Amino acid sequence: MKSKIPRRSPSRSRRQPPKLWQLRLYVMDQTPKSVAAFSNLKKICESHLKGRYRITVIDLLKQPQLAKGDQILATPTVVRWLPNPVRTIIGNLSDTEHVLVGLDLRAAD
Amino acid sequence: MEESSGMKKRGNRSASISSLLPKCPTGIQGLDEITGGGLPRGRPTLVCGGAGCGKTLLAAEFLVRGVTLFDEPGVLMAFEETEAELKANVTSLGFDLAGLVRRKKIVIDHVHIEPGEFHESGEYDLEGLFVRLNHAIDSVGAKRVVLDTLEALFAGLRNEAILRAELRRLFRWLKVKGVTVVITAERGREQLTRNGLEEYVSDCVILLDHRVNEQIATRHLRVVKYRGALHGTNEFPFLIGAEGLSVLPITSLALNHQVSNERIATGIPKLDAMLGGQGFFRGSSILLTGTPGTGKTIIAANFAQAACRRGERVLFFSFEESPNQIMRNMHSIGLRLGPLVNSGLLRFHSARPSLYGLEMHLTTIFKEITEFQPAVVIMDPITSLMDAGTASEGKGMVTRLIDYLKAGQVTSLFTSLTQGGHALQQSEAAMSSLMDSWLLLQDFEGNGERNRVLYVLKARGMAHSNQIREFLISDRGVDLVDAYIGLSGVLTGSARAAQTAREKAEALAGQQEAARRKRELERTRMALERQISGLRSEHEAGAEELRQIDEQVGTQTRLLTTERTELGRLRQADVSVAAGKRNGFRNGRGH
């Protein structure tokens, strides 16, 4: 994992549609699984949602109280906060096909 | 974007598991007795059972009692029910879960799992669950944790290999954390739990069961396994009442009731006399067995009346007659119970035994007793109530009831209906071992009539009569009469009266005979006396004759001497010479 995760995609598109994907990645500490999940997610977003996504990484070690509110069970977990409906994918996201299905990105492209 | 860099491990890892096996009392009635003090402290306990058998309620009570009785905060992690549902469900048991949550004594965390909700891609772990649990435990300083139907995870997560590894890790972590955990799980078909959770929880396994026997549903609890501790291995019936769970240990482990030396009258003076003159011990249990129509209820009503007259409260459970019927019937023998009811000293509680199951009856009985606080409790008849369950359940219930009553120093009188005949039923013999005193009422048939008799079969700790007594019921009440016991057996009723008359006649005849013999003897004696006096006079006559003879002889001698002297005087011979010679000889010797 890089030491700094950018809050937004560097190449933010000014074009339509401005529908922004909000993704939250819940991890527990900087484990290899966490690092893999982040890089896998980033890779997928870059190729499918370039300029239309925002990833928030939440470390449950620092904010354990968020686990209850957001119904987190497993780590790593990616929650598609927007667009609706909420979708949840668990795992280190190594299986891209499953991630695409989970995020419902197949239809988007 | 946020960057996670902290490498700090989760805190509070107290790895102090004592080598001894400390217990964590559940506070659930009866369960601590069976397990010898509670669940293994600091270890997980698995509670498994089918749907609706009370797993969640047991777990919830474990937490609530933990706070209210032992001041141990708890965490309830619910995988099936939401917080609101849980709060509502346990309110029916009188638990203020919502209040405890508000006071930060209990944390409820509902883990929402929809089957198929998660898309899985690659490896994961259940750190999210760990974090939530850890956060919840630390936020209230919990000592007790409940994981309600952890198996829901198996429905939500597809990768069973990861799940099993994580569960193993979870239990290890919980042990290190030092919390006492109750995990509930669904009963499996082949194994204890559907997903083999017993594999991970090896310290204590409790099995709950809810089954129907002869149309009557009863819940059972069994401690399948308790590593390193003695425990009751039997199945124990338990019930869910208004005050939570209550396990009914058939073999109560603790027999340490307070006992009283005070004696209380039975209301029948002659019965008191049979019981060492003072009646029963206060707080003892009394069994009154009898065939139909032998007067069980009457004795019970007398006992109730006597207690009320002492100013004590009496609770009369009737399972066959309505209160009004009992009052009317007792009125016919001069027992007026109505005023006692009106004064509030006597309370009736009538219910058909078939109305509901044994556990529900027991709950109702406990509730009534707690409310009314009686000094005397009467169950009329206990046998019809016991019919509401199986024999062992019935005995278990009576044991539980007696334990409960004795703990409160309540005197209890149970009537028991036997099917007739002399042989006592097995169940009765079993029940009698729980009783301190046992009176037997019986019918005696003969001479075309039936008569009631009463025995004291046993009375622990007091001198009691071994005699059979006839039990008379009249419009003035009841009385006990000595039954006649003769060569021809026990005689009661008119036979006893006839026998008494016969005895009287026999006694009279005997008296007359004696008088006759006395007269005869008198006569003989008088005859003898007459004979004696005859002999005596004869004897006296003889003596007289003898005296006369003596007299005659004396006179003759005197006459002879006189005659000789006269003769000598007449002859004037050498009387003096002769005399002098005789004198000289004497004198010569003297010289």
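Here the structure is shown first, and the text comes after it.
Residues numbered from 1 in each chain as written. Chains lettered and ligands numbered in written order. Predicted model: local features only at pLDDT ≥ 70, side-chain atom pairs only at ≥ 80, totals over all residues.

1. Some points on the overall build of chain A
The condition that has to hold: The secondary structure listing takes helices from DSSP runs of H or I that are at least 4 residues long and strands from runs of E that are at least 2 residues long, numbered from the N terminus. A pair of residues counts as a contact when their C-beta atoms, built from backbone coordinates, are separated by no more than 7 Å.
Counting secondary structure elements, chain A contains 3 helices and 4 strands. In chain A, the succession of helices and strands from N to C terminus is β-α-β-α-β-β-α. Taking contacts inside chain A between residues at least 6 apart in sequence as the whole, the part at least 24 apart equals 68%.

2. Brief notes about the sheet that holds strand S2 (residues 53-59) of chain A
As a reminder, the rule being used: The pairing criterion for strands is at least two bridges between them, as found by DSSP. Angles run from 0 to 180 degrees between N-to-C directions of axes, and those axes are lines fitted to C-alpha atoms, restricted for helices to the stretch in contact.
Taken together, the 5 strands give an open sheet; going across it, the order is S2(A)-S1(A)-S3(A)-S4(A)-S6(B), and neighbouring strands pair in mixed fashion. A single partner strand is all that each edge strand has here, and the edge strands are S2 of chain A together with strand S6 (118-120) of chain B. Taking the axes of each pair of neighbouring strands and ignoring which way they run, one obtains an average angle of 25 degrees across the sheet. Sheet contacts for helix H1 (residues 32-48) of chain A: strand S1 (21-27), S2 and strand S3 (77-82) of chain A; angle to S1(A), the most-contacted strand, approximately 165 degrees.

3. Describing the sheet that holds strand S17 (residues 346-350) of chain B
Within a beta sheet, neighbouring strands are joined by backbone hydrogen bonds and run either parallel or antiparallel to one another. All names here are of chain B. Overall, mixed pairing links the 9 strands, which are arranged S17-S16-S18-S19-S15-S20-S21-S22-S23 in an open sheet. Among the strands making up the open sheet, the edge pair consists of S17 and strand S23 (477-482). Strand-to-strand twist across the sheet, computed as the mean angle between neighbouring axes with direction ignored, equals 20 degrees. Two elements, strand S22 (residues 469-474) and S23, share 6 bridges in a ladder whose sense is antiparallel. From the neighbouring strand, Leu472 faces S23, where its bridge partner is Asp479. Across the sheet, helix H12 (residues 358-372) touches strand S16 (314-318), S17 and strand S18 (376-380), and the angle it forms with S16 is around 160 degrees.

4. Considerations on the environment of B:Val101
All names here are of chain B. Mapped onto the secondary structure, Val101 falls in helix H4 (residues 97-102). Sequence separation of Val101 and Gly74 is 27 residues, and the distance between their C-alpha atoms is 9.6 Å. Setting aside anything within four residues of it in sequence, one finds Val101 in contact with Ile106 and Ile108.

5. Regarding the interface of chain B and chain A
Interface size is commonly expressed as the accessible surface area that is lost when the partners come together. In plain terms, the rule: Each residue gets one label: Ala, Val, Leu, Ile, Met, Phe, Trp, Tyr, Cys and Pro are nonpolar, Asp, Glu, Lys and Arg are charged, and the others, such as Gly, are polar.
Of the residues lining the interface, 28 residues belong to chain B; the matching set on chain A comes to 43 residues. Where the side of chain B that touches chain A is concerned, the elements lending two or more residues are S6 and helix H5 (127-140) of chain B. At 7 residues, H5(B) tops the list of elements feeding residues into the side of chain B that touches chain A. Here the residues of the side of chain B that touches chain A are counted per class, giving 8 nonpolar, 10 polar and 10 charged. By the bridge criterion, 3 bridges tie strand S4 (residues 87-90) of chain A to S6(B) in an arrangement that is parallel. Looking at the pairing, A:Thr88 lines up with B:Phe118 of S6(B).

6. What about the nonpolar core?
Counted only if it meets this: Joining buried Ala, Val, Leu, Ile, Met, Phe, Trp, Tyr and Cys residues through C-beta atoms within 7 Å gives a set, and that set is a nonpolar core. Burial is judged by counting the other C-beta atoms within 10 Å of a residue's own C-beta: 20 or more makes it buried, 12 or fewer makes it exposed, and any count in between marks it as partly exposed, with every C-beta position built from the backbone. An automatic or database domain assignment supplies the start and end points of every domain.
Membership of the largest hydrophobic core comes to 174 residues, with the highest contact counts inside it found for A:Leu25, B:Ala304 and B:Ile378. Counting contributing residues per domain, this core is built from domain 1 (23-247) and domain 2 (263-482) of chain B, each supplying no fewer than three. Setting aside residues up to four positions removed in sequence, A:Leu25 forms contacts with A:Ala37, A:Phe38, A:Leu41, A:Ile55, A:Val57, A:Ile58, A:Pro76 and A:Val78.

7. Let's talk about helix H3 (residues 96-103) of chain A
Each turn of an α-helix holds 3.6 residues, which means side chains three or four residues apart point in the same direction. We apply this condition: Note that the arc is computed from the directions linking the helix axis to the C-beta atoms.
Among the residues making up H3(A), those that are buried are A:Val99, A:Leu100, A:Gly102 and A:Leu103. Buried positions in H3(A), seen along its axis, are confined to an arc of 165 degrees and lie on one side of it. If you follow the buried residues of H3(A), they end up packed against H1, S3 and S4 of chain A together with S6 of chain B.

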